4 protein chains.
Amino acid sequence: MEKKTKILNDPVYGFVSIPYGILFDLVEHPYFQRLRNIKQVSLTHYVYPGALHTRFHHALGALHLMQQAVSSLRAKGVAISEEEAEAVMIAILLHDIGHGPFSHTLEHTLISVNHEALSLLFMERLNEAFRGRLSLAIEVFTGRYPKPYLHQLVSGQLDMDRLDYLNRDSYFTGVAEGVIGYDRIIKMLNVVDGRLVVEQKGIYSVERFLTSRRIMYWQVYLHKTVVAAEQMLRLTLRRARELAMRGQTPWAPPALEYFLNHSVGATEFHERRNELLDCFAALDDTDVSAAVKTWQRHPDALLSYLSYGLINRRLFRLEFSNDPFDPDYVAGIRQAIHDSSKLPAHAGDHLIIQGQETNSAYTLTKEEIMVCTKEGSVVPMSSISDFGIAPRSFTKYFLCYPKEVAS
Amino acid sequence: MEKKTKILNDPVYGFVSIPYGILFDLVEHPYFQRLRNIKQVSLTHYVYPGALHTRFHHALGALHLMQQAVSSLRAKGVAISEEEAEAVMIAILLHDIGHGPFSHTLEHTLISVNHEALSLLFMERLNEAFRGRLSLAIEVFTGRYPKPYLHQLVSGQLDMDRLDYLNRDSYFTGVAEGVIGYDRIIKMLNVVDGRLVVEQKGIYSVERFLTSRRIMYWQVYLHKTVVAAEQMLRLTLRRARELAMRGQTPWAPPALEYFLNHSVGATEFHERRNELLDCFAALDDTDVSAAVKTWQRHPDALLSYLSYGLINRRLFRLEFSNDPFDPDYVAGIRQAIHDSSKLPAHAGDHLIIQGQETNSAYTLTKEEIMVCTKEGSVVPMSSISDFGIAPRSFTKYFLCYPKEVAS
Amino acid sequence: MEKKTKILNDPVYGFVSIPYGILFDLVEHPYFQRLRNIKQVSLTHYVYPGALHTRFHHALGALHLMQQAVSSLRAKGVAISEEEAEAVMIAILLHDIGHGPFSHTLEHTLISVNHEALSLLFMERLNEAFRGRLSLAIEVFTGRYPKPYLHQLVSGQLDMDRLDYLNRDSYFTGVAEGVIGYDRIIKMLNVVDGRLVVEQKGIYSVERFLTSRRIMYWQVYLHKTVVAAEQMLRLTLRRARELAMRGQTPWAPPALEYFLNHSVGATEFHERRNELLDCFAALDDTDVSAAVKTWQRHPDALLSYLSYGLINRRLFRLEFSNDPFDPDYVAGIRQAIHDSSKLPAHAGDHLIIQGQETNSAYTLTKEEIMVCTKEGSVVPMSSISDFGIAPRSFTKYFLCYPKEVAS
Amino acid sequence: MEKKTKILNDPVYGFVSIPYGILFDLVEHPYFQRLRNIKQVSLTHYVYPGALHTRFHHALGALHLMQQAVSSLRAKGVAISEEEAEAVMIAILLHDIGHGPFSHTLEHTLISVNHEALSLLFMERLNEAFRGRLSLAIEVFTGRYPKPYLHQLVSGQLDMDRLDYLNRDSYFTGVAEGVIGYDRIIKMLNVVDGRLVVEQKGIYSVERFLTSRRIMYWQVYLHKTVVAAEQMLRLTLRRARELAMRGQTPWAPPALEYFLNHSVGATEFHERRNELLDCFAALDDTDVSAAVKTWQRHPDALLSYLSYGLINRRLFRLEFSNDPFDPDYVAGIRQAIHDSSKLPAHAGDHLIIQGQETNSAYTLTKEEIMVCTKEGSVVPMSSISDFGIAPRSFTKYFLCYPKEVAS
């Protein structure tokens, strides 16, 4: 008998289904419903106005792909028990549950714990609420389960997370070149010696997946305007916290006010996990947006300057460079900021940001893609593909500062 | 020489362009940027999680279609001057600028002025700011300009508003059957005696447009769960205002707090237009969302009950009927609400809503579609099409109440 | 255990599968492979160059949809045995196997038996070859099986034949407005009292299907140029047969030569079924194309005139009219043909064609669509839909003649 | 004033237009109309049943892209005169006019002149007919015109030929991964020092184009079954010519019969160009198909064996190998063919084919793609892309023989 499922329209796949049972109950849980208000790609909508899709939608989409992957692997004779299937589906459903407002953008700004660690804390808490039914999922998520391929389906070079977000981000931005043949890639996956491999005839699809990802990095995720807006949002929140530290907390919805007034890190979560998780779970994009909008009229010149710019899309300029910027060049801009009468006084150090972006963080800290050849041996993809997927990282330096001083 | 334009990705059309000049300046204006935070289809995302697109995106899409319509009509010999083209484009760009948070849902709940009247007030204010350059657009928008077809392109049976929103809502909900052949419809438009007509060979496309719209009404806009959620949001805001009237205004972001504490209608806008427009322009979806989230823990049992339900998707049940509901049936539910221990006490009258939805409001208060036959005469479409487009309205009654008392 | 299937790429659906067993064996049979060379929409490619798809592809697509329909009905509790499922799939696979070269165009020109009768003859012959395994399929195909809905899935208002050909013809012509939501329509089908019904919430999809079909009729199937080309092809073949009857058979591939030289009708098929089926099965589009190309240089002025026109796309003019043509107008054109020095002499009667096209032949000789309401009653769709689907036919008269005499 | 154009539906692009004037006249010419009966991808439809599209459609699609390329380059300030624009459009329209039946498959089998040489002969003949109006186009086509980029648009790494056929073959086969972002690639083209370059921000799109092409090669163009069918068709035609050389010409339509009976090569075309071009122009896929179908019953055992296999899809087995096949292995198969009672006697040497396929022929005999960097220098793409596009070729060996002897 076919399991009962809840069906949802998903423009990316037509329909997705959520099996009734623990998966459906997790989706209904307030911790998960919260993701409805956390945009998948932060401020990307400043450049691509359609990119308002959420972590909620992404998690359901990744669950959908995981169902296909499990079914395809089983059809190839990979033995996956019902418990393991449920575990890997729970793991992918909850892999991003630790994301806070604006996803990556405010990671480390509001609290000093990364989202993977928070996802794990949420899962552990939910495991208590669901009386241990997430234990196996947690083992899979953390890579401690003795079938590594299950973890790789959740977090690896060809995991369901990536397959979903590339297609989804492509759909909602309208950058058609990001579309990937996820169904064919899933059909090409197999397991050898407990690890995920791609069948050789699938390497062209994988090459295409890799080129699509590169296109999305440079056209979307690292788009100059997007990065500039995200940097401004970080500056804004940091300034609000500075004021709070001085006892001048600017107005904010209660959920946000808490994190402006308190420093929260791993230690605090260790000591007061449940309380802090509930505080954090109360927070989403709308709190930050409502606050920033209000801060436009805050007496602190820096806070209101940044907030006004964000709300009305008067964004900083951003330059990319393959090499670190010349210190003299940076000093010149810093001086111009200092001298400008249009900018808040004494704000120089806050209004120029140097940093670097690398796509390795996303792509190559993880192990290489392994290919199962027609003859049955397993080799790294770089050894048989012309495509440059050698595990090196690619870094670009950036400099970000107000347009008012741009030459 | 081609006019310079700003190009944006729009997943619905590939690309849309905004001509530099007054149109670009209007897009940059804070009044317009505000639409970035007003969802086109309110709470529809509870059912269709992708439906997070905004009035901002819709207005740009409608502008895109207007550019095509003007160009197509000109190619057929319809004389449209540069000034008229600019006016009709401004009119379509700003046609929805008066929408408040959650578009239609909270119309008449927060303030007692409808969005068309507000759009006009915003246009008049912007006309002052832009020193009269919107005068012609306002004439077109209000139907006072002596070329009626220009008004019909903005607001009529086949206006660019509808052509855009059907395609856009279809794209973001994933209800593929809502897709229409907007390009062919635009190519089939013409002008006879100053009024918009469809060429006869285009009537099949128009029939298809009408069926698509019906599908969208029943599958999306009037989806039971969507209507139930919207009714709950109205109840929630009304309760907040009741509390405010008693001097117990619940916490809210400042922009929203103002409208909880003040009754604002046509008279007030007449007396203090600019001030009130700025207040209203400060308000968007995020204020309401942040407030409702906070109200989950408000001491008023009714406010917190409704807010919790909205945030965590515990939505009311909704029944549709072709006939008014039997008063005895309604009384029975009212009693059950009164008796239920799970529901806030003394809230009976607030927790049951009767109402009616009609698609005539959207479709048939406007004049009929006129067709230009191959022989050159102009006749109403209903006289030559088998398709039932007679200008009658279609009404459904609904009853909405907590699931806790649903049998 | 899932049945083994042969998978094929079908651009319309992504993939289609053919179950191994009798269905696969029938596909492999030369009678079925022959359909690879019979275009689905005859000479439509003169107007829509992509429309080269074949009856072979259509039959596989319709089989694909039938698999979905059977599976959907079973999920709703309709008891369909394995034997019945196989029968209805065989019936849809072979429903068009009797089509000759250029499908409908040359029906009744080369032989005087219609394609449905021929399909049945082919099935009966195959039933002998497959030792009775098609008996049930034949009962379904001919409507004699006591579950009428099975026949309706093969031949009815919402049969899998139509669902496939509308989508397929739309895909290959590029007339995007012909696309229908076949998956939703199939999901909305059900069986009440042994007959096929549509669930009420599906009527908007059916309305859309009907508008799509109308669009395809007027934009594709009855496109003036397409009808003109088809009329010319008929004239050409008739002329070739006239010459053959006089003992002057023009050159033709052997398979075609046979049918130029012999009059074959129901009587002959009754007497020599197997022999004639093999003769007919040897014939396809390529024979006719190769012959017409050669006839360009035939000494008979009429045959070469028509053949040259067809090969080099010098097509007749076609006029449509809602009323029969004025005899005086027709006589005038006839005279002009007679007087023209550019046209073959003595060919007047051959070069002007009057006729009529009606879409009722395709749509409304069959019974009405029945709808199962939410309350459970079954009513004709016309009683609850605004859409004009009353079972009336729609006829247009046409007149077709050489462009050389067109005013 | 916009030039008048003929509009055609093209499912790949929506619409394509042909400017009236010489381009339209060339399309109407019988030499060009002939391409309606020459399939773009030969026997690929044996595997992908939708792949019946023709050289006619491809040529119009490539013309469509050329219009976009010219318009985009002009907008960037590249001076292209009206005469040059017309020339490059004529050149792309006619670039494949020399293809004979089944395109590449029978090249060198029916006549010993390649299709590029024949295209040039056709152009020269048409140049006479059009009184010199193709002279510039011929210079562009042959690369003698002093603006090399015009030639590169017709025949180069990123020419309009490839951009069209990848998208078109992808559309009609249904291999979705072959789709490329042709519009973005065209927008990224520019001219530096008279040669075509890609702007740096376009290299990700070019990488994607290259991966799409690889996918199409291995999944479509070099699909085992497709190559096997094409080899069989070659064998069949060669056998027919052998019989003809012995004075036993098998039945064939006149256009084909000529080329079975006569050896035609460069010398003959030199001596009797116009006559032979007309003979060749009379020939298309339908002649070969009609002949092969008839040959199924030819007394020559080898000819009928091969023909029967082709018509009824009983195709040879094909093995690919990275290395040349072991002579002993080949000898074993040869012996098995000799011993088989199911195969025609004395046919051993005809029934086993060794060969090699390389995608270099298509991709890398041409010069490398050049990139214009943000700094303005022009460098080979391989120097700045991780993608393996070094100009090396890739060869696979194949062995093809009857399934009857396959182990």
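Because the structure is a prediction, the values reported are computed rather than measured.

Trainee: Which parts of the structure should I look at to understand the overall build of chain A?
Mentor: Scanning chain A for helices and strands turns up 18 helices and 9 strands. A globule of 407 residues ought to have a C-alpha radius of gyration of about 22 Å, and chain A, at 23 Å, matches this closely. The C-alpha extent of chain A, read off along each of the three principal axes, is 70 × 50 × 35 Å. Split into buried and exposed, the 407 residues of chain A put 63% on the buried side. Across chain A, the fraction of contacts at a sequence separation of at least 24, relative to all contacts at a separation of at least 6, is 71%. Taken as a whole, chain A presents about 15,300 Å² of accessible surface, with 51% of it coming from carbon and sulfur. Averaging the positions of the 43 positive and the 46 negative side-chain charges in chain A gives two centres separated by 4 Å.

Trainee: Help me understand the sheet that holds strand β9 (residues 395-401) of chain B in this model?
Mentor: Remark on secondary structure: sheet strands pair via backbone hydrogen bonds, oriented parallel or antiparallel. Residue and element names in this part refer to chain B. As summarised here, the arrangement of the 3 strands in space is β5-β9-β6, forming an open sheet in which the pairing is antiparallel. Only two strands of the sheet have a single partner each, and these edge strands are β5 (317-321) and β6 (353-358). This sheet shows a mean twist of 25° between the axes of neighbouring strands, independent of strand direction. With 5 bridges connecting them, β5 and β9 associate as antiparallel partners.

Trainee: Looking at this model, I keep getting lost on the environment of Cys372 of chain C. Mind explaining?
Mentor: Residue and element names in this part refer to chain C. With respect to the secondary-structure elements, Cys372 resides in strand β7 (residues 370-372). Once the C-alpha coordinates of Cys372 and Met188 are considered, the two residues, 184 residues apart in sequence, prove to be 9.9 Å apart. Not counting residues up to four positions away in its chain, the partners in contact with Cys372 are Val192, Val197, Val198, Glu199, Gln200, Ser377 and Val378.

Trainee: In this structure, what is going on with the domain arrangement of chain A? I would like to understand it.
Mentor: A common way to report how large an interface is uses the accessible area buried once the components associate. Annotation of chain A at the domain level lists domain 1 (5-94 + 134-220) and domain 2 (317-367 + 389-407). Look at where the C-alpha atoms of domain 1 of chain A and domain 2 of chain A centre, and you get two points 33 Å apart.

Trainee: What is the right way to look at the sheet that holds strand β8 (residues 378-380) of chain D in this model?
Mentor: Residue and element names in this part refer to chain D. With respect to topology, 4 strands assemble into an open sheet ordered β3-β4-β7-β8, the strand pairing being mixed. On the outer flanks of this sheet lie β3 (189-192) and β8, each paired with one strand and no other. Across the sheet, the mean angle separating the axes of adjacent strands is 50° when strand polarity is ignored. Summarising the sheet, strand β7 (residues 370-372) and β8 pair through 3 bridges and their orientation is antiparallel. From the neighbouring strand, Val371 faces β8, where its bridge partner is Val379.

About the thresholds
Residues numbered from 1 in each chain as written. Chains lettered and ligands numbered in written order. Predicted model: local features only at pLDDT ≥ 70, side-chain atom pairs only at ≥ 80, totals over all residues. Heavy atoms only, no water. Helix = DSSP H or I, 4+ residues; strand = E, 2+ residues; numbered from the N terminus. Rg over C-alpha atoms; globule rule 2.2 N^0.38 Å. Buried < 20%, exposed > 50% of the residue type's maximum accessible area, 1.4 Å probe, protein only. Contact = heavy atoms within 4.5 Å. Areas by Shrake-Rupley, 256 points an atom, 1.4 Å probe, with all protein chains shown as cover. Lys, Arg positive; Asp, Glu negative; His and termini not counted. Charge placed at Lys NZ, Arg CZ, Asp CG, Glu CD. Pairing = 2+ DSSP bridges. Axes fitted to C-alpha atoms, helices over the stretch in contact; angles between N-to-C directions. Domains from an automatic or database assignment.

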